[in-house]
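Chain by chain, the residues:
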Amino acid sequence: MPLPTPGSEQGAAALDRIVQRPADAVLSFDFDGTLAPIVSDPADARAYPGVTAELSRLAPLVGRLVIITGRPAAVAVEYGGLADVDGVLVLGHYGLERWEYGRVTAPEPPAGVALVREELPELLRKTGAHEGTAIEDKGRSLAVHTRRAADPDAALETLRIPLAALAQRAGLTVEPGRRVIELRPAGMDKGAALAGVAADAGDGAAVLYAGDDLGDLAAFEAVERLREKGLPGITVCSGSDEVAELAARADLVVDGPPGIADLLAALREAIEDR
């Protein structure tokens, strides 16, 4: 399977560097919408067929394999079958949680999370949230999904201002996404998480980051900053018709999780054939 061709010279150079020097490479991926298809109920999300097997094959070939997700790290590990991927690092809650070798480490959540947990149901009732709106309690953050509403975008728009006000009062930040708004602790995002991993990898590292949603823009920006420092980097969009902004910023756009699965297989084959 041939490797896809990035649309930028920088992306192409980074992909070639990964193939030529895989031991120096940091391969990083979002989970939902990237390794796993988006589904109406977040509890039903599972890795796309073949993705976990390809990650397992790639892991011993590259310097670092990282999953950076808004989910709790242990949930992403369970839903992705990642416990069987040797040496994988899973950064949950945008990097606040770290899962490695079967153990999760994380700081205590701020008090504002408990406040949001207590007040969010009544806020949805008072604002007349559309039928099908659902709360996802992630432990260290809470998300409101509208994907199951009759008009998901209108349902989300109804909630933007009230949720932003609640987040401000709780000292949390608002993370918009694909028919979801998350209220989470400030001070960490996927870009900061990726930058930390890249720094640990050293000056010779080439970095790939693949994501699908607005929360992944921070990681794209981190890759761009690394390139300004002379480090090879490539951004990959797991494409959909819901987030055009990310595709416009990406060096390479693939067709959702199936395209990511193909990219993983092609990258592994290219490294093995080198």
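The rules behind each value
- Residues numbered from 1 in each chain as written.
- Predicted model: local features only at pLDDT ≥ 70, side-chain atom pairs only at ≥ 80, totals over all residues.
- Heavy atoms only, no water.
- UniProt positions renumbered as here; feature names shortened; annotations may be inferred.
- Salt bridge = Lys/Arg side-chain N within 4 Å of Asp/Glu carboxyl O.
- Phe/Tyr/Trp six-rings, centres within 6.5 Å; stacked < 30°, edge-to-face > 60°.
- Helix = DSSP H or I, 4+ residues; strand = E, 2+ residues; numbered from the N terminus.
- Lys NZ or Arg CZ within 6 Å of the ring centre and 35° of its normal.
- Axes fitted to C-alpha atoms, helices over the stretch in contact; angles between N-to-C directions.
- Parallel < 35°, antiparallel > 145°, perpendicular 65-115°, else oblique.
- Left-handed = near helix turned anticlockwise from the far one by under 90°.
- Contact = heavy atoms within 4.5 Å.
- Expected span 1.5 Å × (residues − 1).
- Bend = angle between axes of the 7 residues up to and from the residue.

The name an unreviewed UniProt entry assigns to the protein chain is Trehalose 6-phosphate phosphatase, from the organism Streptomonospora halophila. Comment text from UniProt for the protein chain, heading Sequence similarities (unreviewed entry), reads "Belongs to the trehalose phosphatase family." Check the Function (unreviewed entry) section of the UniProt entry for the protein chain; it says "Removes the phosphate from trehalose 6-phosphate to produce free trehalose."

Peer 1: Would you mind going over the pattern of salt bridges in detail, with residue names and values included?
Peer 2: Evaluated as defined, the whole model comprises 22 salt bridges. The salt bridge involving Arg-98 is made with Glu-100; its shortest N-O contact spans 3.3 Å. Sharing partners across several salt bridges, the network here consists of Glu-54, Arg-57, Arg-268 and Glu-272.

Peer 1: Would you mind going over the packing of aromatic side chains in detail, with residue names and values included?
Peer 2: Taken as a whole and assessed by the stated rule, the structure comprises one aromatic pair. Each ring, one from Tyr-209 and one from Phe-220, has its centre 6.3 Å from the other, and the planes form 80°; the classification is edge-to-face. Here the residue Tyr-209 occupies a position in strand 10 (residues 206-211), and Phe-220 occupies one in helix 7 (residues 217-228), the gap between them amounting to eleven residues. For Arg-184, the ring lying beneath its charged end belongs to Tyr-94, and the centroid distance is 4.1 Å.

Peer 1: Could you give an account of the packing of helix 4 (residues 111-126) against helix 5 (residues 152-170), naming the residues involved and the relevant values?
Peer 2: Here helix 4 crosses helix 5 at 150°, and the two axes come no closer than 10 Å. Classified by the angle their axes make, helix 4 and helix 5 are roughly antiparallel. Relative to helix 5, the crossing made by helix 4 is right-handed. For the pair helix 4 and helix 5, contact is made by Gly-112, Leu-115, Val-116, Glu-119, Leu-120, Leu-123 and Leu-124 and by Leu-159, Pro-162, Leu-163, Leu-166, Arg-169 and Ala-170, respectively.

Peer 1: Can you tell me about helix 4, naming the residues and giving the values?
Peer 2: For helix 4, spanning 16 residues, the distance from its first C-alpha to its last is 23 Å, which sits close to the expected 22 Å at 1.5 Å a residue. Glu-119 marks the point of greatest bend in helix 4, at about 40°, and the proline Pro-121 comes within the next four residues. Directly after helix 4, the chain includes Gly-128, whose backbone phi takes a positive value near 65°.

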